Structures are given as C-alpha cells and as structure tokens.
Amino acid sequence: MTLLRVHLTSSLPTSPPALADLLLSLSAARSLPKGQQLHARLLKSGFLSSPAAAFRPLSNHLITFYARCGLPLHSRDAFDDSPSPRPPAAWSSLLSALAQNGLPLLAITAFRSMLLAAVPPSDRSLPSAAKAAAAISSPFLACSLHALALKTPFTDDVFVASSLVDMYAKSALLPQARRLFDLMPHRNVVSWSAMIYGYAEAGLETDALQLFKMALAELEPPGVNDFTFSCVIRVCSTATLLELGSSVHAHCFKTSFDSSPFVGSSLISLYSKCGLVEEAYELFDRMPERNLGAWNAILIASAQHGHTHAAFDRFHQMKAAGFAPNFITFLCLLTACSHAGLVDEGKRYFALMSEHGIEPGAQHYAAMVDLLSRAGRITEAVAFIEEMPIEPTESVWGALITGCRIHKDADTAAYAAAKLFETGSSSSGAHMLLSNAYAAAGRYADAARTRKAMRDQGVRKETGLSWLETAGKVHTFVSGDRVHPRSDEIYAVLAEVGERMERAGYVPDTSHVLRDVGGEEKLAAIWYHSERLAIGLGLLVVPEGQAIRVMKNLRVCVDCHTAIKCLSKCTGRTIVLRDNNRFHRFEDGVCSCGDYW
DNA sequence: ATAGGGTTAG
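How each quantity is defined
Residues numbered from 1 in each chain as written. Chains lettered and ligands numbered in written order. Predicted model: local features only at pLDDT ≥ 70, side-chain atom pairs only at ≥ 80, totals over all residues. Heavy atoms only, no water. Phe/Tyr/Trp six-rings, centres within 6.5 Å; stacked < 30°, edge-to-face > 60°. Helix = DSSP H or I, 4+ residues; strand = E, 2+ residues; numbered from the N terminus. Buried < 20%, exposed > 50% of the residue type's maximum accessible area, 1.4 Å probe, protein only. Lys NZ or Arg CZ within 6 Å of the ring centre and 35° of its normal. Expected span 1.5 Å × (residues − 1). Contact = heavy atoms within 4.5 Å. UniProt positions renumbered as here; feature names shortened; annotations may be inferred. Core = buried A, V, L, I, M, F, W, Y, C linked by side-chain atoms within 4.5 Å. Salt bridge = Lys/Arg side-chain N within 4 Å of Asp/Glu carboxyl O. Pairing = 2+ DSSP bridges. Axes fitted to C-alpha atoms, helices over the stretch in contact; angles between N-to-C directions. Near = heavy atom within 4 Å. Polar contact = N/O pair within 3.5 Å; in protein donor to acceptor, adjacent residues only side chain to side chain. Nonpolar A, V, L, I, M, F, W, Y, C, P; charged D, E, K, R; others polar.

- The name that an unreviewed UniProt entry assigns to chain A is DYW domain-containing protein, with the source organism given as Canna indica.

With respect to the packing of aromatic side chains
Stage number 1. Throughout the structure, instances matching the rule amount to 16 aromatic pairs.
Stage number 2. A ring pair is formed by Tyr491 and Tyr528, whose centres lie 4.7 Å apart and whose planes are at 40 degrees; its orientation type is tilted. Placement of Tyr491 in helix 27 (residues 487–503) and of Tyr528 in the loop between helix 28 (519–527) and helix 29 (530–541) is noted, with a sequence separation of 37 residues between them.
Stage number 3. Among the residues examined, Tyr528 registers a relative accessible area of 27% and is labelled partly exposed.
Stage number 4. Each residue in the set Phe312, Phe315, Phe330 and Tyr349 is aromatic and connected to the rest through ring pairs, giving one cluster.
Stage number 5. Sitting above the plane of the Phe79 ring, Arg86 keeps its charged end 4.9 Å from the centroid.
Stage number 6. Lying across the ring of Tyr491, Arg482 places its NZ or CZ 3.8 Å from the centre.

Considerations on helix 11 (residues 189–201)
Stage number 1. Taking 1.5 Å per residue, 13 residues should reach 18 Å; helix 11 reaches 18 Å between its end C-alpha atoms and fits that length.
Stage number 2. With ten of 13 residues buried, helix 11 is to be regarded as a mostly interior element.
Stage number 3. Looking only at helix 11, the buried set comprises Val189, Ser191, Trp192, Ser193, Ala194, Met195, Ile196, Gly198, Tyr199 and Ala200.
Stage number 4. At its buried positions, helix 11 is contacted by helix 9 (158–170), helix 10 (174–183), helix 12 (205–218) and helix 13 (226–238).
Stage number 5. Looking one or two residues beyond helix 11, the residue adopting positive phi is Gly203, at roughly 80 degrees.

Quick notes on unusual backbone geometry
Stage number 1. In this model, Ser84 is joined to Pro85 through a cis peptide bond whose omega is -5 degrees.
Stage number 2. By the secondary structure assignment, Pro85 is in the loop between helix 4 (72–81) and helix 5 (88–100).
Stage number 3. Of note, the phi angle at Ala118 is positive, near 65 degrees, even though the residue is not glycine.
Stage number 4. Among the secondary structure elements, Ala118 is positioned in the loop between helix 6 (104–116) and helix 7 (125–136).
Stage number 5. For Ala118, a relative accessible area of 63% gives the class exposed.
Stage number 6. A positive phi angle, near 50 degrees, is found at Asp588, a position not held by glycine.
Stage number 7. Checked against the element boundaries, Asp588 lands in the loop between strand 5 (583–587) and strand 6 (590–591).
Stage number 8. A relative accessible area of 53% places Asp588 in the exposed class.

A short note on the UniProt feature "repeat: PPR" (unreviewed entry) in chain A
Stage number 1. Under the local residue numbering, the UniProt record ascribes the feature "repeat: PPR" (unreviewed entry) to residues 188–222, 260–294 and 326–360.
Stage number 2. Across residues 326–360, the secondary structure splits into 77% helix and 0% strand, with the terminal C-alpha atoms separated by 11 Å.

Some thoughts on the nonpolar core
Stage number 1. One finds Leu58 and Leu400 to be the most contacted residues of the largest nonpolar core, which totals 147 residues.
Stage number 2. In contact with Leu400, not counting residues within four places along its chain, are Val369, Ser373, Ile378, Ala381, Val382, Ile385, Thr412 and Ala416.

Some thoughts on the pattern of salt bridges
Stage number 1. Counted under the stated rule, the structure contains 21 salt bridges.
Stage number 2. A salt bridge links Lys565 to Asp595, with the nearest nitrogen and oxygen atoms 2.9 Å apart. One end of the pair, Lys565, is in helix 30 (residues 558–571); the other, Asp595, is in the segment after strand 6, with 30 residues separating them in the sequence.
Stage number 3. Exposure remark for Lys565: the relative accessible area of 15% places this residue in the buried category.
Stage number 4. Here Asp595 falls in the partly exposed class, since its relative accessible area comes to 41%.
Stage number 5. The salt bridge partner of Arg585 is Glu587, with a shortest N-O separation of 3.4 Å.

Points about the environment of Ala495
Stage number 1. Among the secondary structure elements, Ala495 is positioned in helix 27.
Stage number 2. In this structure the C-alpha to C-alpha distance between Ala495 and Trp527, which are 32 residues apart in sequence, comes to 9.2 Å.

Considerations on the sheet that holds strand 5
Stage number 1. A sheet is described by the order of its strands in space; here six strands give the open sequence 2-1-3-4-5-6, paired in mixed fashion. Unpaired on one side and paired on the other, strand 2 (473–478) and strand 6 mark the two borders of the sheet.
Stage number 2. Sheet topology note: the strand 5/strand 6 ladder contains two bridges and is antiparallel. Looking at strand 6, one finds that Phe586 is bridged to Cys591.
Stage number 3. Running over the sheet, helix 29 touches strand 1 (465–470), strand 2, strand 3 (548–552) and strand 4 (575–578) and is turned about 15 degrees from strand 1.

Regarding the protein's contact with DNA strand B
Stage number 1. Taken together, 39 residues surround DNA strand B, and among them Lys131, Asn188, Arg234, Phe262 and Ile300 come closest.
Stage number 2. Taking all atoms of DNA strand B within 4 Å of the protein, the share assigned to sugar and phosphate is 53%.
Stage number 3. Between DNA strand B and Gln100 there is a distance of 2.6 Å, counted from a phosphate oxygen to a side-chain nitrogen or oxygen.
Stage number 4. Interatomic distance of 3.4 Å between a side-chain N/O atom of Lys273 and a phosphate oxygen of DNA strand B.
Stage number 5. Taken together, the elements giving at least two residues each to the surface near DNA strand B come down to helix 3 (56–68), helix 5, helix 7, helix 9, helix 11, helix 13, helix 15 (261–273) and helix 17 (292–304).
Stage number 6. Here the residues of the surface near DNA strand B sort into twelve nonpolar, 19 polar and eight charged.

What follows is the structure in structure tokens.
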C-alpha cells in the first residue's frame with residue numbers, strides 16, 4: 001500500500017506531514033537503505049535542524065525508524081542532531097529505542113539527562129526507564145525509579161505500574177513486585193504476565209500457577225495471551241508437571257494461541273522435558289510458524305534424548321530455513337556431541353561458532369571440557385582449559401571433575417576441585433563431585449575427608465530424589481524410604497521383579513557404592529535407590545503399554561542403569577528416566593544412551 | 001504523534 005509511494009530518487013514530498021508519513025511507512029517496513037537515503041536528504045534540506053514546530057516530529061520518526069531497524073545508536077545520533085530544547089516526545093522515543101535494543105545502561109543515562117534537562121518523567125518515559133532498569137536488575141536502581149514514579153501523577157497508570165512490577169520481579173524483589181501488583185487499581189494481561197513470569201523465574205511454581213488461575217478468572221475476554229501461556233507452560237516444564245501442562249495445552253488450543261511460535265516452543269520443551277520426545281517432534285513438525293526459539297527447543301529435545309544425528313539434521317534444516325544459529329544453538333550441538341561421545345564433531349561445531357560470528361562463552365568451554373573429559377581425554381581437557389582465553393568458571397572445573405569421576409582419575413579431580421574452590425564457590429556440588437571422584441577411584445579415606453570438610457563448612461549434600469507423576473499428583477522418593485502410602489506394595493513388586501531379574505542373569509554390582517560399607521548394606525543401599533522405588537510405583541499404577549516416566553535430580557548410578565535395563569526386558573515395560581543431565585529410555589533390555597552417560 | 005511483557009540453555 002504505502003510502500004508503493006517510495007520512489008525516493010524521483011520525487012520527494014516536501015510537506016512535513018507527507019514526509020512524516022513516508023518515514024512511518026519506512027519504519028513499518030524496516031526498510032533501512034531507503035530510510036537512510038531519506039535521512040541524508042532531510043539533513044541536506046535543513047528540515048531536521050529547523051526549530052519550526054511542523055518539522056519537530058520528523059526527528060522523532062527518525063529515532064523510531066532506527067530503533068525499529070535495531071540500530072539504537074543511530075537513534076541516539078538522530079536525537080543529538082535535533083535542535084534543543086527537545087520535546088518530551090523525543091526523549092521518550094530515545095529511551096524506548098535504547099531500552100528495547102539491549103542498551104539499558106545508555107537508556108538510564110539518557111533518562112538522567114532528561115531529568116537534568118528539567119523534562120518531568122511521564123507515562124511515556126517511565127515504562128522505558130523501568131524496562132531498562134529491569135534489564136540491569138539492580139535492587140537499588142529499581143527502588144530509586146519506583147520512588148521517582150511515586151512523585152508523578154502516573155503511578156496508577158497501567159503501563160507505568162505494569163512496567164514497575166516487571167522491573168521489581170526481574171530485580172529479584174518479588175515481594176515488592178507483588179505489593180505493587182496488589183495495589184494496582186487496574187490490571188491487564190501485561191500486569192498479570194509480568195507477575196507470573198517473575199514467580200516462574202524465581203522458581204516459585206506454586207505462586208505462578210495460583211496467579212495464573214486468578215488471571216483466568218479475573219481478566220475480561222480475551223483474557224490471557226500467548227505470553228502468559230508460554231510462561232505457565234514453562235513453569236510446568238521445569239516442575240515436570242505433564243498433566244497440568246497438557247491441560248494448559250488444551251486451553252491454548254481452544255484459544256488458538258497454540259499457533260504462536262512462543263507457545264509452541266514452550267510446549268516442545270514441556271513434552272521433551274517430561275520424556276515425551278515423540279510428541280515434541282510432532283508438535284514441531286506441525287507448527288504453522290517457527291522461530292529461532294522453536295528450532296533451539298527441538299535441538300535441545302534431540303540432544304537431551306540422545307538423538308544425536310537427529311540434532312545434526314535439524315541444525316542443517318534450520319540453516320536451510322534461513323535461521324542464524326545463536327549461542328544456545330551451539331550449546332545444544334555441543335551437548336548432543338557430549339552425550340554421544342563424538343569428540344571430533346564437537347570440535348568442528350566449536351570451530352564453526354566463529355564462522356557464525358559467535359564468541360564462545362564460558363558455557364561453551366564447559367561443554368567442550370565435558371565432552372573431552374567424559375570421552376576419557378582428561379589430559380586434553382586440562383590442556384584445553386589452560387588455553388582458554390577467558391577465566392575458567394565453576395562449571396568448567398565441575399565438568400572436568402565429572403569426567404575424572406567417570407574415568408577414576410582422582411588426582412586430576414583433586415587439582416580441578418582446588419581450582420574450583422579458588423573461584424570462591426562453596427556449593428555442595430563441588431564437594432560432592434570431588435568426594436565421588438575419590439570414591440570411584442577407591443580412595444574412600446579421601447572421600448570421607450572431603451565429605452567431612454564439606455560438613456564442617458556447613459554445606460549440605462543434595463539429597464537424591466526421584467519422582468513420578470500420576471493422576472495429577474507428584475510422588476517423590478528418597479533412597480530406602482517407606483513414607484509412601486503404598487510402600488509395602490512397592491517393595492513387594494520390586495522383590496518379585498528382582499527374582500525374575502536374577503533368574504534372567506542379573507547380578508547386582510555394588511562396586512560403585514560410594515561409601516565403604518559392608519556387602520549386605522551395599523546391596524540394600526542400591527536395591528532401594530530412589531529411582532527404583534519410583535519405578536516400583538510406576539509398575540503398580542502406569543497402565544501396560546504406556547511408558548513409566550521417572551525424573552531424578554542426580555546422575556543414575558551404574559548398577560541402577562544395569563538393573564533397569566534388565567527390568568525393562570523382564571517386564572516388557574518401557575522406562576523413561578531423566579537424570580540431572582539427560583534422558584535414558586530403557587526398552588527390551590537396552591538403553592537409548594548406549595551405556596555412555 | 002512518543003509507551004509496557006517474551007521462547008530456547010543452565
């Protein structure tokens with residue numbers, strides 16, 4: 001429509017309104033070359049430096065135009081070129097340009113300049129300032145900005161208040177966010193979503209879900225939207241609440257929001273994280289519109305389920321579809337390589353990053369160390385760390401210790417742990433990793449000493465948990481526990497299946513029990529590991545022909561892995577077990593990880 | 001003639 005008018009070389013409109021119109025249409029089309037051409041001609045004509053009121057909007061449109069094209073610094077130049085004093089609208093446009101294009105510090109600086117120029121904060125500028133403050137995530141800045149907003153007549157404005165709620169939530173000040181939210185006289189989807197997102201991000205899943213239900217009840221039609229849905233689905237996927245997640249999916253379907261690429265991406269992640277990778281694939285293949293997040297979500301699904309070559313294929317399809325991979329894409333690929341022990345492929349993808357203009361970050365280095373050391377190339381991993389151009393992080397050293405544990409290299413593990421503690425970390429993970437590495441190498445005294453050091457520092461070991469969802473309820477188990485109401489039946493079914501397994505030739509392997517205890521005790525310790533109890537419940541409640549899906553927060557031990565393979569053969573059941581790193585699908589005596597994990 | 005929220009990894 002309006003685009004047909006754009007023939008800049010021939011005739012240029014001369015009336016300010018016509019020029020403004022032209023700029024707006026270029027903005028909408030994000031047509032950078034034509035816009036820049038027009039900018040040059042406007043500069044030559046002197047329109048931009050004219051103090052006449054009729055020409056003022058032109059500068060504003062230019063600021064917005066460059067913001068739309070993702071060039072916030074050009075927006076700032078356009079602002080700087082406009083004659084002083086700048087109208088409030090110019091400031092608002094500038095703030096929006098900077099805040100929306102990832103330059104929050106510059107946005108806050110500009111906001112200060114605005115205040116110094118005696119332009120009062122308004123319902124237009126405050127939301128942008130709040131967005132910038134949210135990105136900076138400083139509690140002090142958040143409080144100052146709120147205090148400033150309280151002195152304006154706009155505190156009850158939905159835009160202002162919503163953006164302040166979002167700012168507090170992203171500055172890890174959830175109580176303040178909620179207080180402000182509760183005080184709002186009017187709330188809309190954005191206010192609700194900002195609050196739900198804050199709870200989700202903080203791991204307060206119950207609060208997030210409760211608020212979601214309230215939003216459904218309180219919002220006038222059309223009610224919640226794609227953003228709200230994707231937040232809530234994300235909550236379901238981190239908590240692996242498949243049944244709740246599916247009901248939210250049904251709701252998305254009814255409201256047609258399931259065609260949103262944002263909603264689709266979070267649904268892919270939900271099904272994948274709950275162990276239903278086939279559903280995730282099907283969903284992806286049927287998506288009417290895919291974006292980068294959707295491609296990454298499906299890559300993650302393939303990687304976590306050990307479908308390594310499917311991940312590689314998707315990567316090529318993604319590039320063929322015209323999507324530029326980002327840093328997450330490469331994390332997925334490196335994870336996929338690590339899960340399959342494909343060292344050379346991993347190195348190739350790592351090298352490929354720079355070709356795509358992506359600087360490897362600490363996480364990529366950690367993934368490479370994970371890949372090398374899991375594959376047994378400990379010396380190479382150490383050399384790789386030494387050559388890193390950035391300071392190795394906690395997770396880099398952690399990845400090395402994990403590899404050392406698997407390959408029983410206690411000395412390198414101790415070296416890595418010492419380095420890890422130098423980074424100032426005191427997380428229980430590091431101590432446990434080292435202790436386990438010692439135990440794996442048979443150095444029980446060192447293992448005990450490490451655990452004691454950990455206790456002395458007041459660090460608690462993370463308890464091993466497994467859980468299983470059935471009939472909308474999550475059942476959680478710890479090793480050897482008899483708390484579950486159906487405990488007797490669970491132990492009985494495990495004993496019965498255990499006999500069948502032993503007849504089929506299964507011999508319990510206690511060599512990996514990490515504490516130096518007697519034989520009997522070792523046997524009991526592994527037979528009632530939390531994942532086996534959860535599987536026991538699964539045998540009782542999950543209908544035949546349906547996979548038993550169990551989640552675990554720690555790595556599955558070697559004996560449980562062997563036992564579950566055998567159990568799948570003896571019972572004819574499929575067991576999907578998610579540990580802290582990946583998925584295992586046990587079917588007919590074999591595991592999808594190929595015993596490499 | 002200007003304004004607020006975002007997927008995916010860990």
